[in-house]
Amino acid sequence: MRLTRQTNYAIRILMYCAANDGRLSRIPEIAAAYSVSELFLFKILQPLVEHKLVTTVRGRNGGVKLGRPAGEISLFDVVRVTEENFAMAECFENEATECPLIDSCGLNSALREALNAFFEVLMRHSIADLVKSRPISSLLGIENMQPALTN
């Protein structure tokens, strides 16, 4: 299973926000930290906002922050909203496949089991798990001089 670049950076946006400890994060700062375009991050932000993984504040002093505590956002939550397709084989995508084994295929069953195991592992790990006890704030250039926002 290979995750898309969109999912990779969606997780990175959430990690940045978690490392920023409740303060508003600005997309230009996040883009600079990861050396990626702001436009790409704005595109990724849409499904994260839609599914309440992040909230946005508009205006000159606006930005983004986590929509709920980092410990309550699993990697599966992110993957579910950013990945379009989990088909591991052609027969996952199209029920009208021409394969004569479609109703009794051991491969299909094994791949579904593997995909479910993948999802179970993602459910066990949260955004908080990715940032705790690691010095990512300084690696991302996050300064802890801003006051934290209250909800």
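Refer to the preceding data block for the structure.
What counts, and where the lines are drawn
- Along each chain, numbering runs from 1 in the same order as the chain's sequence is written.
- Only residues with pLDDT of at least 70 are given local features in this predicted model, and only at 80 or more are side-chain atom pairs given and counted; all residues enter the totals for whole chains, interfaces and linings.
- With hydrogens and water set aside, each side-chain value is computed from the structure's full complement of heavy atoms.
- Per the convention used, a helix needs a DSSP run of H or I reaching at least four residues, while a strand needs a run of E reaching at least two, with both numbered from the N terminus.
- Residue exposure (1.4 Å probe, protein chains only): buried if accessible area is under 20% of the type maximum, exposed if over 50%, otherwise partly exposed.
- Residues are treated as being in contact if the distance between any of their heavy atoms lies within 4.5 Å.
- Each polar contact in these results corresponds to two N or O atoms within 3.5 Å; when the atoms are within protein, one needs to be able to donate a hydrogen and the other to accept it, and residues that are neighboring in sequence are counted only if both atoms are side-chain atoms.
- Between Lys or Arg on one side and Asp or Glu on the other, a salt bridge is scored when a side-chain nitrogen of the former is within 4 Å of a carboxyl oxygen of the latter.
- Aromatic pairing here means that ring centres of Phe, Tyr or Trp (its six-membered ring) are within 6.5 Å. Orientation follows from the plane angle: under 30 degrees is stacked, over 60 is edge-to-face, and everything else is tilted.
- Two thresholds decide whether a charge sits over a ring: the Lys NZ or Arg CZ must be within 6 Å of the ring centre and within 35 degrees of the ring normal.
- Only strands that DSSP links by at least two bridges are regarded as paired with each other.
- Helix span is expected to be 1.5 Å times the residue number reduced by one.
- Here the arc refers to the directions that run from the helix axis out to each C-beta atom.

### Some words on the overall build of the protein
- When helices and strands are counted, the protein shows eight helices and two strands.
- Going from the N terminus to the C terminus, the protein shows its helices and strands as α-α-α-β-β-α-α-α-α-α.
- Burial analysis of the protein (151 residues in total) assigns 40% to the buried set.
- The long-range fraction of contacts in the protein, counting pairs at least 24 apart against all pairs at least 6 apart in sequence, stands at 66%.

### Here's the deal with the side chain of threonine 7
- Within the secondary structure, threonine 7 sits in helix H1 (residues 5–19).
- What makes threonine 7 buried here is its relative accessible area of 0%.
- In terms of polar contacts, threonine 7 uses its side chain to reach the side chain of glutamate 83, at 2.5 Å.
- Apart from the residues lying within four places of it in its own chain, the contact partners of threonine 7 are Val79, Thr82 and Glu83.

### Examining the pattern of salt bridges
- Overall, the coordinates contain three salt bridges when judged by the stated rule.
- One salt bridge connects aspartate 77 with arginine 68, and the closest N-O pair in it is separated by 2.9 Å.
- Aspartate 77 gets classed as buried once you look at its relative accessible area, which sits at 13%.
- Arginine 68 sits in the partly exposed class, given a relative accessible area of 27%.
- A cluster of three or more residues bridged by salt bridges with shared partners is formed by Arg68, Asp77 and Arg80.

### Some words on the side chain of asparagine 20
- Along the chain, the position of asparagine 20 falls in the loop between H1 and helix H2 (27–34).
- A distance of 2.8 Å separates the side chain of asparagine 20 from the side chain of serine 25, its partner in a polar contact.

### Comments concerning the packing of aromatic side chains
- Tallied over the entire structure, the rule returns four aromatic pairs.
- Ring geometry for phenylalanine 118 against phenylalanine 119: centres 6.0 Å apart, planes inclined by 45 degrees, an arrangement best described as tilted.
- Exposure remark for phenylalanine 118: the relative accessible area of 24% places this residue in the partly exposed category.
- A relative accessible area of 13% places phenylalanine 119 in the buried class.
- Taken together, the ring pairs in this structure connect Tyr9, Tyr34 and Phe40 into an aromatic cluster.
- For arginine 5, the ring lying beneath its charged end belongs to phenylalanine 40, and the centroid distance is 4.4 Å.
- The aromatic ring of tyrosine 9 is capped on one face by arginine 12, whose charged end is 5.2 Å from the ring centroid.

### Side note on the pairing of strand S2 (residues 63–66)
- Summarising the sheet, strand S1 (residues 54–57) and S2 pair through four bridges and their orientation is antiparallel. If you follow valine 57 over to S2, its bridge partner there is glycine 63.
- Linking S1 back to S2 in an antiparallel pair, the connection comprises five residues, with glycine 59 at a positive phi of about 110 degrees.

### Looking at helix H6 (residues 106–124)
- The end-to-end C-alpha distance of H6 is 28 Å, a good match for the 27 Å that 19 residues give at a rise of 1.5 Å each.
- For H6, the full list of buried residues reads Asn108, Leu111, Leu115, Phe119 and Leu122. End-on, the buried residues of H6 take up no more than an arc of 80 degrees, which puts them together on one face. In H6, the exposed residues that point more than 90 degrees away from the buried face are Gly106, Glu113 and Arg124.

So yeah, pure geometry; function would need other evidence.
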